[in-house]
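Letter by letter, the chains look like this.
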Amino acid sequence: METLKSQFTNLIKYRRLAVRLYFLIAALFLIVWNVDAQSDGKIQAAFAESYKAEASAGYAFAVSQILSVYQADNYSMNARLGWLLFLSKQYTESVKYYDKAIKLKPFAIEARFGMVKALNAMESWDKVKEQYDAILRIDELNTTSLYWLGVLLYNRKNYNDAAKNFEKIVNLYPMDYGSIIMLAWTRLYQGKKTDAKVLFNQALLLSPNDSSALSGLSQLN
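Residues numbered from 1 in each chain as written. Predicted model: local features only at pLDDT ≥ 70, side-chain atom pairs only at ≥ 80, totals over all residues. Heavy atoms only, no water.

Draft legend 1. Focus on the packing of helix H7 (residues 143-155) against helix H9 (residues 177-190). Viewed as axis vectors pointing N to C, H7 and H9 meet at an angle of 30°, and their least axial separation amounts to 11 Å. As judged from the angle between their axes, H7 and H9 are roughly parallel. H7 and H9 meet at a crossing whose hand is left-handed. Where H7 approaches H9, its residues Tyr 147, Val 151 and Tyr 154 are matched on the opposing element by Gly 178, Ser 179, Met 182, Trp 185, Thr 186 and Tyr 189. Partitioned by chemical class, the residues of the contact of H7 with H9 number 6 nonpolar, 3 polar and no charged. (Axes fitted to C-alpha atoms, helices over the stretch in contact; angles between N-to-C directions. Helix = DSSP H or I, 4+ residues; strand = E, 2+ residues; numbered from the N terminus. Parallel < 35°, antiparallel > 145°, perpendicular 65-115°, else oblique. Left-handed = near helix turned anticlockwise from the far one by under 90°. Contact = heavy atoms within 4.5 Å. Nonpolar A, V, L, I, M, F, W, Y, C, P; charged D, E, K, R; others polar.)

This is the structure:
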């Protein structure tokens, strides 16, 4: 009987301890949740202020708002800073933050497009090409990357590779004037005059009396 009584007493103690432990954990959880909620609210407020400042071209203040809550491992903060610094023409700094965003989410293409804007402003064409190539490895039919990479290759007189890019877009969008006219000129410089003529005429169908298409046709005659 004494043993049973002792066991019962110990059971009561363990239950009380378990109840105390439960309430302690619950209290700690509420404290952590409250801190997180306050932190989230502060971050959201900083972003809201940055949007307001951006709308009135107050880019320096917009940047300062994000920096006031900055977390190096936060994709959105790095991408936002990249954009704001691009708008304020701090292109090197913009690229730095976009690069951080890309490393955090390497399969997201929005930060890569943001970086391209800054690299374009810096005329860093090789690095622009790197980003378009990276985007196309992620999304091989991304028409924006296909088009502008095609333009870059065209300007470098790399007509064979440029044609491949424009052709992919035209296959997807047979009535896309921009890609058709670029493919027409590319075919012309490749020496494929028959293809070029068909494409220039297609461009005229989409853009009547188009000066670029008429100029191209005149060079074929």
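Draft legend 2. Looking closely at a nonpolar patch on the surface. Where nonpolar side chains cluster on the molecular surface, the patch consists of Leu 141, Leu 172 and Tyr 173 and spans about 300 Å² of accessible area. Structurally, Leu 141 can be placed in the loop between helix H6 (125-138) and H7. In this structure Leu 141 comes out as partly exposed when scored by relative accessible area, which is 44%. (Patch = residues over 30% accessible without salt bridge, like charges linked within 9 Å, V, L, I, M, F, W, Y side chains within 5 Å. Areas by Shrake-Rupley, 256 points an atom, 1.4 Å probe, with all protein chains shown as cover. Salt bridge = Lys/Arg side-chain N within 4 Å of Asp/Glu carboxyl O. Buried < 20%, exposed > 50% of the residue type's maximum accessible area, 1.4 Å probe, protein only.)

Draft legend 3. Here's a closer look at the environment of Arg 137. As for its position among the elements, Arg 137 is in helix H6. Considering only alpha carbons, one finds Arg 137 and Phe 107, 30 residues apart in sequence, at a separation of 9.5 Å.

Draft legend 4. Representation of the packing of aromatic side chains. By the definition in use, this model includes 11 aromatic pairs. Geometrically, the ring pair formed by Tyr 154 and Tyr 159 is edge-to-face, given 5.6 Å between the ring centres and 70° between the ring planes. Each member of the pair, Tyr 154 together with Tyr 159, is buried. One aromatic cluster in this structure is built from Tyr 154, Tyr 159, Trp 185, Tyr 189 and Phe 200. (Phe/Tyr/Trp six-rings, centres within 6.5 Å; stacked < 30°, edge-to-face > 60°.)

Draft legend 5. Quick peek at the layout of surface pockets. Of the voids in this model, the largest pocket is the one considered here, and its volume is about 170 Å³. For the largest pocket, the full set of lining residues is Asn 120, Trp 125, Val 128, Tyr 132, Trp 148, Val 151, Leu 152, Asn 155 and Arg 156. Residue assignment for the lining of the largest pocket shows that the elements contributing at least two residues are H6 and H7. When residues in the lining of the largest pocket are grouped by element, the largest group, 4 residues, is from H7. (1 Å grid on protein atoms, 1.4 Å probe; cavity = no way out; pocket = protein on both sides within 12 Å on 5 of 7 lines; lining within 4 Å. Points joined across faces, edges and corners; volume = space filled by probe spheres on them.)

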